[in-house]
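# Survey of secondary and tertiary structure
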Amino acid sequence: PLLPILILLLTMGLAKNWDFVFGDISTAFLHADFKSVGTGFDKTSEYMWPPREFYPDFNTVWKMNRTVYGLKTSPKAWQDYLAKEFASMDFVRSTTEPNLYFHKEKEVILLVYVDDLLFTGKREDIDFMFKKMQEKLKLRQTGDLSEDQEADFLGRRLQRRGQEIHVLPLLGQIEELLQQAGMT
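All of the points below concern the structure found in this document. Everything numeric here is computed off the predicted structure, so don't read it as measured data. (Residues numbered from 1 in each chain as written. Predicted model: local features only at pLDDT ≥ 70, side-chain atom pairs only at ≥ 80, totals over all residues. Heavy atoms only, no water.)

## Here's the deal with the environment of Tyr-101
Looking at where Tyr-101 falls in the secondary structure, it is placed in strand β5 (residues 100-103). Spatially, the C-alpha atoms of Tyr-101 and Phe-86 are 8.0 Å apart, while their sequence positions differ by 15 residues. Among all residues touching Tyr-101, those that are not within four sequence positions of it are Ala-83, Phe-86, Phe-91, Val-92, Arg-93, Val-108, Ile-109, Leu-110 and Val-112. There is a polar contact of 3.2 Å between the side chain of Tyr-101 and the side chain of Arg-93. (Helix = DSSP H or I, 4+ residues; strand = E, 2+ residues; numbered from the N terminus. Contact = heavy atoms within 4.5 Å. Polar contact = N/O pair within 3.5 Å; in protein donor to acceptor, adjacent residues only side chain to side chain.)

Structure below.
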């Protein structure tokens, strides 16, 4: 369902002559803790066995205070954490698409896919919100879609040519699909 939202945002942004900026949040799941998981009970930590190559005798258990990739509860904790942080920066979460956020005052719309972000809006508003988010998250810019630029998002290559944005599969994706189907 995110691809139609992406295409809608790109169309809106072009119609309004807005900019597009892409960002990535490093160590995303480590920002969230277990308290942010809305499970109905107060879970403040989780336990796991460490890798055998470090503790081969299996007599050690790690107490996890933060979420990490691979735990069942991590995606929910991360989404809850992000929603709380974005709300503190005056973003309102869409009621129909939980990965879409609108700023209350600035002309900025934010599309989130796990730890990848697409900002669309007025450039000065995007820059302001990007810097504000960098104060709370390990956020880095991964590209923008200004004139004649390309960027990757949601497993697609986005190419801007004037007032058009082409949404294409990533290089190698078509060949891989054809190969898997035995059509090469």
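That covers the picture; the talk isn't over yet.
## Details of the packing of aromatic side chains
Scanning all chains against the criterion turns up 7 aromatic pairs. Between Phe-22 and Phe-153, the ring centres sit 5.6 Å apart and the planes meet at 50°, which makes this aromatic pair tilted. Taken together, the residues span a long stretch of sequence, with Phe-22 in strand β1 (residues 19-25) and Phe-153 in strand β9 (residues 150-153) at a distance of 131 residues. Accessibility expressed as a relative area gives 4% for Phe-153, which makes it buried. Between Phe-86 and Tyr-101, the ring centres sit 4.8 Å apart and the planes meet at 80°, which makes this aromatic pair edge-to-face. With Phe-86 in helix α2 (residues 74-88) and Tyr-101 in strand β5, this pair connects stretches of sequence that are 15 residues apart. Tyr-101 matches Phe-86 in its accessibility class, with the two residues each being buried. (Phe/Tyr/Trp six-rings, centres within 6.5 Å; stacked < 30°, edge-to-face > 60°. Buried < 20%, exposed > 50% of the residue type's maximum accessible area, 1.4 Å probe, protein only.)

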